[in-house]
There are 2 protein chains.
Amino acid sequence: MENKPVTLKLIAKELKLSISTVSKSLKDYPRIKESTKLRVKELAARLNFTPDISALRLRDRKSRIIGIILPNLSDHFFTRSIYGMEQLATANGYNIIISQSHDNFEMEVNAAATLLGSRVDGLIVAISKQTSDFAHLDQFEKIGIPVVYYTRNPSFNLNCHKVLGNTHQGCYMATEYLINRGHKKVAYLGGPKMVNFSHDRFSGYINALKDNDIPFNANHVAYTDFDDANTLTAIKNLFSDPENGPTALVAFKEKLLFDTIKFLRSIAHPELKKLECIGFGNDPIIAYLSSPPIASIEENPESLGEQAVALLVKLIHGDIDAKDYKKVIVNCNLKIHQTA
Amino acid sequence: MENKPVTLKLIAKELKLSISTVSKSLKDYPRIKESTKLRVKELAARLNFTPDISALRLRDRKSRIIGIILPNLSDHFFTRSIYGMEQLATANGYNIIISQSHDNFEMEVNAAATLLGSRVDGLIVAISKQTSDFAHLDQFEKIGIPVVYYTRNPSFNLNCHKVLGNTHQGCYMATEYLINRGHKKVAYLGGPKMVNFSHDRFSGYINALKDNDIPFNANHVAYTDFDDANTLTAIKNLFSDPENGPTALVAFKEKLLFDTIKFLRSIAHPELKKLECIGFGNDPIIAYLSSPPIASIEENPESLGEQAVALLVKLIHGDIDAKDYKKVIVNCNLKIHQTA
DNA sequence: TTGAAAGCGCTACCAT
DNA sequence: ATGGTAGCGCTTTCAA
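In this report, we go over the structure that sits alongside the text. (Residues numbered from 1 in each chain as written. Chains lettered and ligands numbered in written order. Predicted model: local features only at pLDDT ≥ 70, side-chain atom pairs only at ≥ 80, totals over all residues. Heavy atoms only, no water.)

1. Examining empty space enclosed by the protein
Overall, the coordinates contain 3 cavities of 30 Å³ or more when judged by the stated rule. Here the largest cavity defines a volume of roughly 60 Å³. Lining of the largest cavity is provided by Phe-258, Ile-261, Lys-262, Arg-265, Leu-289, Ser-290 and Ser-291 of chain A together with Tyr-288 of chain B. Classifying every residue of the lining of the largest cavity by side-chain character gives 4 nonpolar, 2 polar and 2 charged. Quantified by volume, the second largest cavity comes out at close to 50 Å³. Tyr-288 of chain A together with Phe-258, Ile-261, Lys-262, Arg-265, Leu-289 and Ser-291 of chain B are the residues that line the second largest cavity. A per-class count over the lining of the second largest cavity returns 4 nonpolar, 1 polar and 2 charged. (1 Å grid on protein atoms, 1.4 Å probe; cavity = no way out; pocket = protein on both sides within 12 Å on 5 of 7 lines; lining within 4 Å. Points joined across faces, edges and corners; volume = space filled by probe spheres on them. Nonpolar A, V, L, I, M, F, W, Y, C, P; charged D, E, K, R; others polar.)

2. A look at the packing of aromatic side chains
Within this structure, the stated rule accounts for 17 aromatic pairs over all chains. Measuring from centroid to centroid gives 5.3 Å for Phe-77 of chain A and Phe-78 of chain A, while their planes differ by 85°, and the two rings are edge-to-face. Ring centres of Phe-134 of chain B and Tyr-149 of chain B lie 5.9 Å apart, and the angle between their planes is 70°; this geometry places the pair in the edge-to-face category. Note that Phe-134 of chain B is positioned in the loop between strand S3 (122-125) and helix H7 (135-142) and Tyr-149 of chain B in strand S4 (residues 147-150), a separation of 15 residues in sequence. (Phe/Tyr/Trp six-rings, centres within 6.5 Å; stacked < 30°, edge-to-face > 60°. Helix = DSSP H or I, 4+ residues; strand = E, 2+ residues; numbered from the N terminus.)

3. Overview of the protein's contact with DNA strand C
If you check the shell around DNA strand C, you find 27 residues, and the closest are Ser-18, Thr-21 and Lys-24 of chain A together with Leu-8 and Arg-59 of chain B. Near the protein, within 4 Å, the atoms of DNA strand C are sugar or phosphate in 69% of cases. A distance of 3.1 Å separates a phosphate oxygen of DNA strand C from a polar backbone atom of Lys-33 of chain A. If you list the elements that add at least two residues to the surface near DNA strand C, you get helix H2 (19-26) and helix H4 (53-60) of chain A together with helix H1 (8-15), helix H2 (19-26) and helix H4 (53-60) of chain B. Counting residues per element, the surface near DNA strand C draws most heavily on H2 of chain B, which supplies 4 residues. A breakdown of the residues in the surface near DNA strand C according to their chemical character gives 10 nonpolar, 7 polar and 10 charged. (Near = heavy atom within 4 Å. Polar contact = N/O pair within 3.5 Å; in protein donor to acceptor, adjacent residues only side chain to side chain.)

4. Re the environment of Pro-292 of chain A
All names here are of chain A. Tracing the chain through its elements places Pro-292 in the loop between strand S9 (276-280) and strand S10 (295-298). We classify Pro-292 as partly exposed; its relative accessible area is 36%. In this structure the C-alpha to C-alpha distance between Pro-292 and Glu-276, which are 16 residues apart in sequence, comes to 8.8 Å. (Buried < 20%, exposed > 50% of the residue type's maximum accessible area, 1.4 Å probe, protein only.)

5. Some remarks on the protein's contact with DNA strand D
Taken together, 27 residues lie near DNA strand D, and Leu-8 and Arg-59 of chain A together with Ser-18, Thr-21 and Lys-24 of chain B sit nearest. Among atoms of DNA strand D positioned within 4 Å of the protein, sugar and phosphate together represent 68%. With respect to DNA strand D, the side chain of Ser-23 of chain A contributes an N or O atom lying 3.0 Å from a phosphate oxygen. Ser-20 of chain B is positioned with one of its side-chain polar atoms (N or O) 3.2 Å from a base nitrogen of DNA strand D. Every element with two or more residues in the surface near DNA strand D is listed here: helix H1 (8-15), H2 and H4 of chain A together with H2 and H4 of chain B. Ranked by residues supplied to the surface near DNA strand D, first place goes to H2 of chain A with 4 residues. A per-class count over the surface near DNA strand D returns 10 nonpolar, 7 polar and 10 charged.

6. What to know about the pattern of salt bridges
Using the criterion set out here, one finds 29 salt bridges over all chains in the structure. Lys-255 of chain A is the salt-bridge partner of Asp-228 of chain A, the closest N and O atoms lying 3.9 Å from each other. In this pair, Asp-228 of chain A sits in helix H10 (residues 228-238) while Lys-255 of chain A sits in helix H11 (residues 254-266), placing the two residues 27 residues apart along the sequence. Classification of Asp-228 of chain A as exposed rests on a relative accessible area of 54%. Residues Lys-274 of chain B and Glu-271 of chain B are paired through a salt bridge, measuring 3.4 Å at the closest nitrogen-oxygen approach. Judged by relative accessible area, Lys-274 of chain B falls into the exposed class, the value being 58%. With relative accessibility at 36%, the residue Glu-271 of chain B sits in the partly exposed group. Among the charged side chains, a salt-bridge network with shared partners connects Asp-28, Glu-34, Lys-37 and Lys-41 of chain A. (Salt bridge = Lys/Arg side-chain N within 4 Å of Asp/Glu carboxyl O.)

Set out below in structure tokens:
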């Protein structure tokens, strides 16, 4: 009962055959006698033989594994994108290994080291908030393992393959939608100000204002690093002027909208009912809220994940030159919610 | 640039040393000259040498990997339990590989095969809703790889190691809490009726009623398999009698409560404001709801995950005999929400 | 039709 | 102080 794993050697001994004959039988080599094949396959099935992946990898010098590093699994954005990656990876004969960085640079470096040791055939990474040094990721490319950056744009790292959501377009659409509904005072609540991947959204907002002749008002823009206290401060700032507060709001993440509504409700803000909000996410929980956002910016994370795998597989197969840096942009949709 | 991965052989050739000397230098064998060690380590660091994990595994015949099969990553319960597993696994020098079954038996079997091929040192599994045949999991134990079942109780499989949340106690506490708040008509909205892992909750509910001299009312119990239409039917049944509808509700999952509240709001149910609800979950989103559950049954998924890894590691190390089947129960907490 | 052997990267035992 | 070698499980070429 406390047996060792089933190996070719074991089957060979049992059947008084050589290891190579067993191997060939299982792979249906033409020059093996049918009856032998049958005997081998039968025993292999009965013993639940599974080839040792480590041995296969060692021999083939490829793992058929795609490594994935992302900040966390709490955000539905990432779990949804994993779904897309899993689908397309499986369809292409690859397995995936997921590592969480918890948005911490050290952990990202550790995860990279482990995946490098696993000799993954390719890497997909959504960099942590803290990442500005890319040595731990560059080493993959140095030894010929392709890397695709997704979602979080490593703007300091120009020469790389990217699959990004079109957050500029998403923010533009959201802002314009609110303007078209008659709002003149559309606020923007952004993510960490320093972080490069928040610029695109802000410029989408700004451009939509400009194209619709709405003057920019600095009091209608605030930023948060997602720390709760920090978020609250940002929200309070946006609504500090009772005379001239925003009537609509575009946010980096839907959670920021929920925080905003909660705050306004807690102070019984008189304009709460009229405030119209849109954020990135499209969380299914919206169906249950009594003051839901009027719409959501749907980033299509599954599609983003699929595109990342598709690009990575082409790079692995050499269909695209490693130096021919690609930038894939996945558009957002504006999902209008039914008002109850 | 398009180099192959860095191996000991490469370093040996570069330094005109033997492979074994390089290996020993990196592992600080005492009988290697200090200067040699330094030269080796320096070059290894410069080339970002990482030992090939497949080769190590092949040699050591152990992978230092814990395989995890769970239904999905959309449920915060599972991502939270992964967090606990990750922590304790890392602390014990293990890596984890996560596979999703999407609550589908076929996919669970496939995942098991892959993990078996990876020669994981142990397996933690939350079985799919559909799983009643355990051959694909038993084969691990047959070859000496321990398996720990967690969260979802495989009641058809008596001889196995389990780490379970005390859902009976959780449901009991919730029901009793509602009774103590004066409710006489406490309903129960359960998960799939056939599935073994939903019995404990129901019996917790029943026992709390009995211990508090509340008569059982069959009209106050409904089940759903989580299909949306099915859930809606269950909810409608619970509230079909306008005279004698429940004033409180305990649910298998918080999402069911959200669905209930949404439905009651949609029909402008007059008793909605008075209805008090509790479900399993403690989703942070509750802070944002205008009709939040009065409390949540917190299953402590991180702790459940840690316990599963702790037990598995003991089994792997042989600190516990494989046949000495353990059942670890993690209690629930009742988390009372602040009423706004 | 089957088998022997090399080699993937690594470690540890045994020589030198 | 350093090197040679066997062997982990597997595939594949070559030999019988």
